Amino acid sequence: MLRGVVFSRMFRAILPEGQIMCEDYDRTDDGLRLYDGEGEFIAFVPYANLHALLNEDVYNESERSIM
């Protein structure tokens, strides 16, 4: 475990049409259920439409290969 490092709890669901920010998610057989910080449902994203789900810390890295 890294000491003194705080990881973001924010995630980005990358879709063909854009991105959805969320703080939590559940995996289902057919896709992801995305939730905000209060646990409110934001969206359902079928796996067929999901390009990636990235932790916000990873998304902000300068490494181009993750994009």
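Look up: the structure comes first, before these words.
To keep things clear, this report deals only with the structure shown in the data block. Residue numbers here run from 1 along each chain, matching the order of that chain's written sequence. Totals for whole chains, interfaces and linings use every residue, but because this is a predicted model, local features are given only for residues with pLDDT of at least 70 and side-chain atom pairs only at 80 or more, for both listing and counting. Calculation of side-chain values draws on the structure's entire complement of heavy atoms; hydrogens and water are dropped beforehand.

1. A word on the overall build of the chain
- Helix and strand assignments follow DSSP, with helices taken as H or I runs no shorter than four residues and strands as E runs no shorter than two, numbered in order from the N terminus. What the chain contains, in helices and strands, is one helix and six strands.
- Moving toward the C terminus, one meets the helices and strands of the chain in the order β-β-β-β-β-β-α.
- A simple rule labels every residue: compare its accessible area, found with a 1.4 Å probe on the protein chains alone, to the largest value its type can have, and call it buried under 20%, exposed over 50%, or partly exposed in between. Scored against the burial criterion, the 67 residues of the chain give a buried share of 27%.
- Contacts are assigned to residue pairs with any non-hydrogen atoms lying within 4.5 Å of each other. Across the chain, contacts joining residues at least 24 apart in sequence account for 33% of those joining residues at least 6 apart.
- Accessible surface, the chain as shown: approximately 5100 Å² in total, 49% of it carbon and sulfur. With residues, only the protein chains shown are counted as cover, and all accessible areas are computed by Shrake-Rupley using a 1.4 Å probe.

2. Some points on the environment of Asp24
- Relative to the elements of secondary structure, Asp24 occurs in strand 3 (residues 24–27).
- You can call Asp24 partly exposed: its relative accessible area is 31%.
- Linking Asp24 and Ile42, residues 18 residues apart in sequence, is a C-alpha distance of 9.9 Å.
- When neighbours within four sequence positions are excluded, Asp24 is seen to be in contact with Arg9, Phe11, Arg33, Leu34 and Tyr35.
- Here the side chain of Asp24 touches Arg9 through a polar contact of 3.1 Å, side chain to side chain. We define a polar contact as two N or O atoms separated by no more than 3.5 Å, with the added condition that, inside protein, one atom must be a possible hydrogen donor and the other a possible acceptor, whereas residues neighbouring each other in sequence contribute only through side-chain atom pairs.

3. A look at the packing of aromatic side chains
- In this analysis, rings of Phe, Tyr and Trp, with Trp reduced to its six-membered ring, are considered paired at centre separations within 6.5 Å, and the interplanar angle assigns stacked below 30 degrees, edge-to-face beyond 60, and tilted for intermediate values. The tally for this structure, following the rule as stated, stands at two aromatic pairs.
- Note on Phe11 and Tyr25: the rings are 5.2 Å apart at their centroids and 85° apart in plane angle, and the pair reads as edge-to-face. Taken together, the residues span a long stretch of sequence, with Phe11 in strand 1 (residues 11–15) and Tyr25 in strand 3 at a distance of 14 residues.
- Tyr25 sits in the partly exposed class, given a relative accessible area of 24%.
- Relative to Phe41, the ring of Tyr35 has its centre 6.1 Å away and its plane inclined at 70°; by these criteria the two rings are edge-to-face.
- Residue Tyr35 is classed as buried on the basis of its relative accessible area of 15%.
- Phe41 sits in the partly exposed class, given a relative accessible area of 41%.

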